[in-house]
Amino acid sequence: MHTIGKSTGIRTGRRVTAALTAVAIVGFAAVGVRLADPAAAKPAKDTVQAGLNELVRAGVAPGALASVRDRNGRVTHYTAGVADLRTRAKVPTDGYIRMASNTKMFTAVAVLQLVDDGAISLDEPVETYLPGLVRGNGFDGRTITVRHVLEQTSGLPDYDLPHVFEWRDRYFEARDLLDSAFAKEPTSPVPGTTMDYSNTNFILAGLLVQKVTGRPISEVITNRIIDRVGLRKTYWPGVGDQGIRKPHANGYLPHPETGKWTEITRLDPSIGGAAGQMISTPSDLNRFLVALQDGKLIKPATLAQMRTSNPFYPGGEALPDLVWHYGLGTVGFDLSCGGRAWGHGGDIDGYSSRTAITADGRAVTLVVTADSSPVPDGVFRVLDAFDAALCAGR
């Protein structure tokens, strides 16, 4: 496995704009597939479809799919390439995908719902809720707050992420992942001072939700998020479930020795846990973004806190102009057409996805059926297409 959601920047021609990876929200009753006015929909359709076609042509992945909800609630789906390199079957419209680190938004919302309920305080130490858990080489749950965890400033390092061929059939408990992380040193000696993207933070956030509610994080997310807003195609895979519901396009990765596409659809996603385990479809991810932005899941004031972000420069010296805006389990990034969109993204072997919503309610989820990270310039190509899809029709 390469990542469960390491974020990456969008390059949009003349400038580097903020973005996301693996490392992702206006009122609706039931957002279905409705045909837009042909004249109004044509420019956006051409832009999005051209972007997907180019991703497949460039060899970023065998297949691609996207769902776009415009500011008026009209939904259009797109596909390109093939779902199966052996049979050459077409990519299914709005098929199931491994959402990887888009799961972090759901986990963050579960925590923030408990903040709204008064059961959790963002600025309370983790020790209050999980006494004695955060200990290790310089780690101390008494100095790390819930906010630090959600905004990725806790200093907790990422747990080990070996190659997928080493773990695809292994089941991981949350404790296994934390033990791996706690064996390392902090990424920052003072919590709250440095943003370092780490899946460990959201494994911890999932345990926090479980401890406070007394119920599994999967059940809390299902009852309080998925069922509440009618996400009929979003689910948390059960223990031992290595497959994906149909219809879906197969996931692929370049073989480490030959470089040829290798099918990797079946795997145990427990290595992602509350940081990256869930499965959904592009349209359902857009529904989630709409519900979140429209106040269906957390209070408006809490959403404002979720989007209060810290600038982060993941490119270091190599890409000094690359900037993200990381909030509480969500990422804000600036579009080439102006304005900031909010969402997340996820990379797991077999699938790379990007999802976000603009201030005026245009929601886009774009997926390629491979982790784009190993493909030369693949991540940037995906993010360019994503930026174009969010800007289409403006």
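Before reading further, recall that the structure is shown in the block above.
1. A closer look at the overall build of the chain
On a plain count of helices and strands, the chain comes out with twelve helices and 14 strands. Within the chain, buried positions represent 59% of all 394 residues. When the accessible surface of the chain is split by element, carbon and sulfur atoms take 50% of a total near 14,700 Å².

2. Here's the deal with the pattern of salt bridges
The full count for this structure, using the stated rule, is 15 salt bridges. A salt bridge links Asp334 to Arg340, with the shortest nitrogen-to-oxygen separation between them at 2.9 Å. The class for Asp334 is partly exposed, based on a relative accessible area of 25%. Here the residues in one salt-bridge network are Glu127, Arg135, Asp140 and Arg142, joined through shared partners.

3. Let's talk about the state of the cysteines
Evaluation of the coordinates by the stated rule reveals one disulfide. Between the sulfur atoms of Cys337 and its disulfide partner Cys391 the distance amounts to 2.1 Å. Disulfide Cys337 to Cys391: torsion about the S-S bond roughly -80°, handedness left-handed. Placement of Cys337 in the loop between strand 11 (331-334) and strand 12 (340-348) and of Cys391 in helix 12 (residues 378-391) is noted, with a sequence separation of 54 residues between them. On the accessibility criterion, Cys391 (13% relative accessible area) is buried.

4. Focus: the packing of aromatic side chains
Where two aromatic rings form a pair, the distance of their centres and the angle of their planes describe that pair. As enumerated under the stated definition, the model contains five aromatic pairs in all. With 5.5 Å between their ring centres and 40° between their planes, Phe139 and Phe182 make a pair best called tilted. Remark: Phe182 occurs in helix 6 (residues 174-182) and Phe139 occurs in the loop between helix 3 (126-129) and helix 4 (146-150); sequence separation between them is 43 residues. Here Phe139 matches Phe182 in class, with each residue buried. Aromatic pair Tyr197 and Tyr326: ring centres 6.1 Å apart, planes at 80°, arrangement edge-to-face. Remark: Tyr326 occurs in strand 10 (residues 324-326) and Tyr197 occurs in the loop between helix 6 and helix 7 (199-213); sequence separation between them is 129 residues.

5. Side note on the environment of Ile203
Structurally, Ile203 can be placed in helix 7. The class for Ile203 is buried, based on a relative accessible area of 4%. Separated by 73 residues in sequence, Ile203 and Gly276 have C-alpha atoms that sit 9.1 Å apart.

6. Overview of helix 10 (residues 282-293)
Between its first and last C-alpha, helix 10 extends 17 Å over twelve residues, near the 16 Å set by a 1.5 Å rise per residue. Helix 10 sits mainly inside the fold: twelve of its twelve residues count as buried. Just downstream of helix 10, Gly295 is the residue with a positive phi angle, here 80°.

7. Observations concerning the pairing of strand 4 (residues 75-81)
One ladder, built from seven bridges, connects strand 3 (residues 63-69) with strand 4; its direction is antiparallel. By the bridge assignment for strand 4, Ala64 is matched with Ala80. Taking the residues that link successive antiparallel strands as the turn, the strand 3-strand 4 hairpin has five residues, and the phi of Gly73 there is positive, at about 90°.

Rules of the game
Residues numbered from 1 in each chain as written. Predicted model: local features only at pLDDT ≥ 70, side-chain atom pairs only at ≥ 80, totals over all residues. Heavy atoms only, no water. Helix = DSSP H or I, 4+ residues; strand = E, 2+ residues; numbered from the N terminus. Buried < 20%, exposed > 50% of the residue type's maximum accessible area, 1.4 Å probe, protein only. Areas by Shrake-Rupley, 256 points an atom, 1.4 Å probe, with all protein chains shown as cover. Salt bridge = Lys/Arg side-chain N within 4 Å of Asp/Glu carboxyl O. Disulfide = S-S within 2.5 Å. Phe/Tyr/Trp six-rings, centres within 6.5 Å; stacked < 30°, edge-to-face > 60°. Expected span 1.5 Å × (residues − 1). Pairing = 2+ DSSP bridges.

Interpretation in functional terms is not warranted from these geometric data alone.
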